[in-house]
Amino acid sequence: MTEQVSTARRREVLDALRRGAVPAAGLDLLAVSLDRFERSVADDLAAVAAGGSVFKAVRGEYGSGKTFFSRWLAEQAKRAGLATAEAQISENETPLHKLETVYRRLTERLTTATFPPSALRQVVDGWFYALEEDALAAGDLVAAGAGEATEPAALEKAVGELLEARLREVGRSAPAFAAALRGYRAATVAGDQATAAAVLAWLGGQPHVAASARRAAGVRGDLDHFGALGFLQGLLVVLRDSGFRGLLVVLDEVETLQRVRSDTRDKALNSLRQLIDEVHSGRFPGLFLVITGTPAFYDGPQGVARLAPLAQRLATDFTANPAFDNPRAVQLRLVGFTEASLVELGGRVRGVFAAGAAPDAAARISTLVDDAYLGELAGAVAGRLGGKVGIAPRLFLKKLVADVLDRVDQFPAFDPRRDYPLTLNSAELTDLERNAARVDGAASAADIDLDLG
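Source: prediction; values computed, not measured.

(A) Layout of the side chain of S40. Topologically, S40 is positioned in helix α2 (residues 35-49). Its relative accessible area of 7% is what places S40 among the buried residues. Here the side chain of S40 touches F37 through a polar contact of 3.1 Å, landing on its backbone oxygen. For S40, the contacting residues outside a window of four places in its chain are P327 and R328.

If you want it as structure tokens, here you go:
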């Protein structure tokens, strides 16, 4: 597998790991313990591509790989012909109780197999191109007796009629979406790129769009909470008619709802319940909606349990043995890494790295960074994090690539067992890792002597 990886893809993966980040692509190269989800994911993607809609809730502790899983799922979705969008839920940037903001973040991060975020303009332009092709395929558009000169006007008329027909259902709930598309088309045809860009921004949910652009498109005000659902419905129609088979939406870190004010939290939980109900009702054909959160969010008193209808919709019976978890259930449990799975993951990264190294360096990597050493490094990193293997993958991979493999590659005399003492400093740790580790001489509360005399 690694021999077929392109240089650009290999570099993208390894650079992300050096930074301690999840790669944006190439996650199939690193996928460990996800084979149990492959069949159900393929079935869900096929259902979405056929016009269905799917909702899944991913649960896992911090460090268990929720972000990795969601991006791996996005890669599978793109291969199946879907567009994807991911938004991190947060109180200030993307509050879940304001669906207009969630919709805006999704359009900002809309991506396809061909276009990076934001792919909204390319998708909309592709949709109008598809309408033109359908109009031309429908018959001769040249007005009788008028010659070729009238064809553009006839084509625009035919495209307009197709636009109305395709958006008729959406227009019942979100007439402004269709109006904005008309305005964007008119501005584009007229060569008014500034107005076209402003109308497209409004279509993407951006606030504070110039009033002149809104007047030109025949729309008013900014998108609101309820209008966002209609706009999402319209976006799905545009994607489908542009040749995409659906849209994967990932709402990451919904557990942040536990840290907001109680009234805001209740509104957000109700918005989530509303979204799930709309997905199951069939309002959003072609939508695959995924949320990720910690077990405390799904099971704790400050999370899903605060809204009984939502808790009922997400209820999943997890047995004591995760090996028998049902991957078709509404909740998917990620169990996190063990030292054995860390070694397997390290072996995959080693293979990706060695495939791009010179032959002599690849030989040194094979000898010096063998599975036994990977086990030593995994154990050392986990040990420095209080034995919490589940939160070790990010640091383990960062140290493996930046501190071990890079040096073995560049310095023939370097031996990681002899020349690399593992070091951690607080600056490179996340809050969770910092709480687990004792670095820079910090002591635990149990180590502090109190003078009670």
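We are not done yet, so read on.
(B) Region of interest: the sheet that holds strand β5 (residues 331-333). The five strands are arranged β2-β3-β4-β1-β5 in an open sheet whose pairing can be described as parallel. Two strands lie at the open edges of the sheet, namely β2 (83-88) and β5, each paired on one side alone. Across the sheet, the axes of successive neighbouring strands diverge by a mean angle of 20°, strand direction being ignored. Bridging between strand β1 (residues 54-59) and β5 involves three bridges; their strand directions are parallel. By the bridge assignment, V58 is partnered in β5 with L332.

(C) Layout of the packing of helix α15 (residues 339-355) against helix α17 (residues 371-384). Two numbers describe how α15 lies on α17: the axes approach to 9 Å, and their chain directions differ by 125°. Looking at the two axes, α15 sits oblique to α17. The hand of the α15/α17 crossing is right-handed. On the side of α15, the interface is formed by E339, L342, V343, G346, G347 and R350, while α17 contributes D371, L374, G375, A378 and G379. Taken together, the residues that form the contact of α15 with α17 break down as four nonpolar, four polar and three charged.

(D) Focus on the pattern of salt bridges. Tallied over the full model, the rule gives 29 salt bridges. Across the pair R348 and E344 runs a salt bridge whose closest N-O atoms are separated by 3.8 Å. Taken together, the residues R348 and E344, both in helix α15 and four residues apart, mark about one turn of the helix. On the basis of relative accessibility, which here comes to 39%, the residue E344 falls in the partly exposed class.

(E) Spatial organisation of the environment of G246. Following the sequence through the fold, G246 ends up in the loop between α11 (225-241) and β3 (247-252). Placed 38 residues apart in sequence, G246 and F284 show a C-alpha to C-alpha distance of 9.6 Å. In this structure G246 touches V48, G81, L82, A83, L239 and G286, once residues within four positions along its chain are discounted.

(F) Seen up close, the pairing of β2. Burial runs high along β2: five of the six residues are buried. Pairing of β2 with β3 involves six bridges; the strand directions are parallel. Following the sheet pairing, Q88 is matched in β3 by D252.

(G) Quick peek at α17. With 14 residues, α17 should reach 20 Å at 1.5 Å per residue; the first-to-last C-alpha distance of 20 Å fits that figure. Buried residues of α17: Y373, L374, L377, A378, V381 and A382, and no others. Viewed along the axis of α17, the buried residues span an arc of 165°, placing them on a single side of the element. Residues of α17 that are buried sit in contact with α15, α16 (359-368), α18 (393-410) and α19 (416-419). Count one or two residues on from α17 and you reach G386, which has phi positive near 70°.

(H) Inspection of the packing of aromatic side chains at higher detail. Enumeration over the complete set of coordinates arrives at eight aromatic pairs. Measuring from ring centre to ring centre gives 5.3 Å for F37 and F69, while their planes differ by 75°; the resulting arrangement is edge-to-face. Taken together, the positions of F37 in helix α2 and F69 in helix α3 (residues 66-79) put the pair 32 residues apart, joining distant regions of the chain. On the accessibility criterion, F37 (2% relative accessible area) is buried. With 5.6 Å between their ring centres and 45° between their planes, F69 and W72 make a pair best called tilted.

(I) Representation of the nonpolar core within the structure. L181, L247 and L251 are the most contacted members of the largest nonpolar core, which has 76 residues in total. For this core, the leading source of residues is α11, giving nine residues. Here L247 is in contact with L82, A83, T84, A85, L110, L232, L235, L236, L239, G286, L287 and F288, once residues within four sequence places are set aside.

(J) Looking closely at the environment of F69. Classification of F69 by relative accessible area gives buried; the value is 2%. On a C-alpha basis, the gap between F69 and I365 in space is 28 Å, while along the polypeptide they are 296 residues apart. In contact with F69, not counting residues within four places along its chain, are L34, F37, V58, L332 and L334.

Cut-off values and rules
Residues numbered from 1 in each chain as written. Predicted model: local features only at pLDDT ≥ 70, side-chain atom pairs only at ≥ 80, totals over all residues. Heavy atoms only, no water. Helix = DSSP H or I, 4+ residues; strand = E, 2+ residues; numbered from the N terminus. Buried < 20%, exposed > 50% of the residue type's maximum accessible area, 1.4 Å probe, protein only. Polar contact = N/O pair within 3.5 Å; in protein donor to acceptor, adjacent residues only side chain to side chain. Contact = heavy atoms within 4.5 Å. Pairing = 2+ DSSP bridges. Axes fitted to C-alpha atoms, helices over the stretch in contact; angles between N-to-C directions. Parallel < 35°, antiparallel > 145°, perpendicular 65-115°, else oblique. Left-handed = near helix turned anticlockwise from the far one by under 90°. Nonpolar A, V, L, I, M, F, W, Y, C, P; charged D, E, K, R; others polar. Salt bridge = Lys/Arg side-chain N within 4 Å of Asp/Glu carboxyl O. Expected span 1.5 Å × (residues − 1). Arc of directions from axis to C-beta. Phe/Tyr/Trp six-rings, centres within 6.5 Å; stacked < 30°, edge-to-face > 60°. Core = buried A, V, L, I, M, F, W, Y, C linked by side-chain atoms within 4.5 Å.

Note that every value here comes from positions in space, so none of it alone points to a role or purpose.
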